Amino acid sequence: MNKLSRILLEQTIQVTAELLQFRQPADAVLSAFFRAQRCGPRERAFIAEAGYAVLRRKRSLAAWIGPECNTKQLVLAALVRHCGVSRRMLEEALAKRDAEWLAELKAKPEPALSLVEQTDLPDWLAERLSALMPAEELLALARVLNQPAPLDLRVNALKAKRDDVLVRFAQEGIPAAACAFAPDGIRLAGKPSLSKHPLFLDGSIEVQDEGSQLLGHLLAPKRGEMVVDFCAGAGGKTLLLGALMRSTGRLYAFDVSEKRLAKLKPRLARSGLSNVHPAVIAHENDTHVKRLAGKCDRVLVDAPCSGLGTLRRNPDLKWRQTPQSVVELRVKQAAILAAAAKLLKPGGRLVYATCSLLPEENADIVDAFLAMHPEFVRRQTSEVLAAQGIRLDMPGDDLQLLPHIHGTDGFYAAVLEREA
């Protein structure tokens, strides 16, 4: 994009103002805007990148601009600082006074930022994370959280082999490499549109973060087992579990959101799986759930959480979540874990997971559960993964994936087994 039009800049400012209201998830705001406006793919990509840059860097941009910054100024500052847009590219889009303001901004000396401003996190979150790690590591984590996430794929082992997919991508000029840990994972160097690619259309590949893929390998379901994905959402992990089961046994996909679960249907149709049984449940103690009490071999609980490990994809979450919302989530997480645990037969395995970085949503929930349920024992996640040829050493029993160390989203998982 050589020269930016005034209309495109105005649209970007309009969308960003809406994003900064934090009334809805950022992706929902963008989807609604793009449905209402006629924008080409390049324009959509530009608007989304600029809006997300403001969400990611709001604090440091505001410190650079000054105390009375507005949305237009945040957008212009983000464009020149983080989106590779030059003042020359903005010439035709800017009024004279805005062009003069931008020139003055670029001439200003860099402000001295506090540690929290450098992280671009809200005070409460920076404080909680700084209690877990030294300042240097917090800054390293924040730097990665404030970058866009790479695009990861999972190869559907029922339909294709990873090496064959990599060869095909190389032939088609799509730069890609095997993921470091996930056995069926592929990481793309760019963000090509794959929605019409034959491998996507026939179910050979699915978009799924490498960390999310590892959760399925912690559960490690076997052929012919009865397995439950307790908080299935749009079903990414359900599809992985079904492939690991080689489409045998019974795999239940439960979720309280009919809308989320509906997104599983087309993915399921492409996948070639015949063992998946989706069901909308009213709550964790729904009759669908109670019927399976004591009958299941494996249960995955990817619990609703703050999502703070996914800030590369969802930067709005750091501004939308609060200490109070985390407290409310903890109550829900404990209730879901207790209900899901009732499904396991003796000798069965449960994996409790979140995409949060906070111990109060993670190990604290598991510790409290184990204190109340002596019939469950904690397994070492490194050992469970090593048994499948996945080398991923962890300092403790549980899995804690961190974006700046592992290159994945931030994930936590604990493996619990009911004693036989």
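Below is a summary of the structure that appears in this document. (Residues numbered from 1 in each chain as written. Predicted model: local features only at pLDDT ≥ 70, side-chain atom pairs only at ≥ 80, totals over all residues. Heavy atoms only, no water.)

Things to note about the pairing of strand β1 (residues 151-155)
- The element β1 is largely enclosed, with a buried count of 5 among its 5 residues.
- Neither face of β1 is exposed, since Leu151, Leu153 and Val155 on one face and Asp152 and Arg154 on the opposite face are all buried.
- As paired elements, β1 and strand β3 (residues 185-188) share 4 bridges and run antiparallel to each other. Each bridged residue has a counterpart across the sheet, and for Leu151 the counterpart in β3 is Leu188.
- Pairing of β1 with strand β4 (residues 205-207) involves 3 bridges; the strand directions are antiparallel. Following the sheet pairing, Arg154 is matched in β4 by Glu206. (Buried < 20%, exposed > 50% of the residue type's maximum accessible area, 1.4 Å probe, protein only. Helix = DSSP H or I, 4+ residues; strand = E, 2+ residues; numbered from the N terminus. Pairing = 2+ DSSP bridges.)

A word on the state of the cysteines
- Evaluated as defined, the whole model comprises 0 disulfides.
- The thiol of Cys179 is unpaired, and the distance to the nearest cysteine sulfur, on Cys355, comes to 17 Å.
- Of all cysteine sulfurs in the structure, the one in Cys305 sits closest to Cys355, which takes part in no disulfide; the separation is 3.5 Å. (Disulfide = S-S within 2.5 Å.)

Describing the nonpolar core
- Grouped together as the largest cluster of nonpolar side chains are 38 residues, with contacts concentrated most on Leu4, Leu9, Ile47, Leu79, Leu90 and Leu102.
- Elements with a minimum of two residues in this core: α1 (6-19), α2 (26-36), α3 (41-65), α4 (71-82) and α6 (96-107).
- Per element, the largest residue contribution to this core is 10 residues, and it comes from α3.
- When sequence neighbours within four positions are dropped, the list of residues in contact with Leu9 reads Leu4, Val75, Leu76, Leu79, Ala93 and Leu94.
- One finds Leu214, Leu241, Ala353 and Phe411 within the second-largest nonpolar core, a separate group that totals 33 residues. (Core = buried A, V, L, I, M, F, W, Y, C linked by side-chain atoms within 4.5 Å. Contact = heavy atoms within 4.5 Å.)

Observations regarding the sheet that holds strand β2 (residues 176-178)
- Read across the open sheet, the 4 strands follow the order β2-β3-β1-β4; overall the sheet is antiparallel. The sheet terminates laterally at β2 and β4, the two strands that pair on one side only. Strand-to-strand twist in this sheet, taken as the mean axis angle between neighbours without regard to direction, amounts to 30 degrees.
- Strands β1, β2, β3 and β4 of the sheet are contacted by helix α10 (residues 162-171), whose axis makes an angle of about 20 degrees with β3. (Axes fitted to C-alpha atoms, helices over the stretch in contact; angles between N-to-C directions.)

Focus: α3
- With 25 residues, α3 should cover 36 Å at 1.5 Å per step; its first-to-last C-alpha distance of 30 Å lies more than 12% under that length.
- The sharpest bend along α3 reaches about 80 degrees and sits at Arg57. (Expected span 1.5 Å × (residues − 1). Bend = angle between axes of the 7 residues up to and from the residue.)

What to know about helix α15 (residues 264-271)
- Among all positions in α15, only Leu264, Arg267, Leu268, Arg270 and Ser271 are buried. Axial view of α15: buried residues confined to an arc of 160 degrees, hence all on one face. Every exposed residue of α15 that faces more than 90 degrees away from the buried side is listed here: Lys265 and Ala269.
- In the core, the buried residues of α15 are packed alongside α11 (198-201), β4, α13 (236-244), β6 (250-255), α14 (258-262) and β7 (276-280).
- Just past α15, the residue Gly272 takes up positive phi, approximately 85 degrees. (Arc of directions from axis to C-beta.)

Focus: the packing of α3 against α4
- Following both chains from N to C, one finds α3 and α4 inclined at 100 degrees, their axes separated by 7 Å at the closest point. Comparing their axes, α4 and α3 come out roughly perpendicular. Packed against α3, whose contacting residues are Phe46, Glu49, Ala50, Ala53, Val54, Arg57, Lys58, Leu61, Ala62, Trp64 and Ile65, the element α4 presents Gln73, Leu74, Val75, Ala77, Ala78, Leu79, Val80, Arg81 and His82 at the interface.
- In terms of residue class, the contact of α3 with α4 is built from 14 nonpolar, 2 polar and 4 charged. (Parallel < 35°, antiparallel > 145°, perpendicular 65-115°, else oblique. Nonpolar A, V, L, I, M, F, W, Y, C, P; charged D, E, K, R; others polar.)

Here we look at the pattern of salt bridges
- As enumerated under the stated definition, the model contains 24 salt bridges in all.
- Among the salt bridges present, the one from Arg313 reaches Asp409, with a minimum N-O distance of 2.7 Å. Of this pair, Arg313 sits in the loop between β8 (296-302) and α17 (317-320) while Asp409 is found in the loop between α21 (403-406) and β12 (411-418), placing the two residues 96 residues apart along the sequence.
- When its relative accessible area of 29% is taken as the criterion, Arg313 is described as partly exposed.
- With its nearest N and O atoms 2.8 Å apart, the salt bridge here joins Arg378 to Asp398. Of the two residues, Arg378 is situated in strand β10 (residues 376-379) and Asp398 in the loop between α20 (381-386) and β11 (399-401); the sequence distance between them amounts to 20 residues.
- Counted as one network, the salt bridges with shared partners bring together Asp209, Arg312, Arg313 and Asp409. (Salt bridge = Lys/Arg side-chain N within 4 Å of Asp/Glu carboxyl O.)

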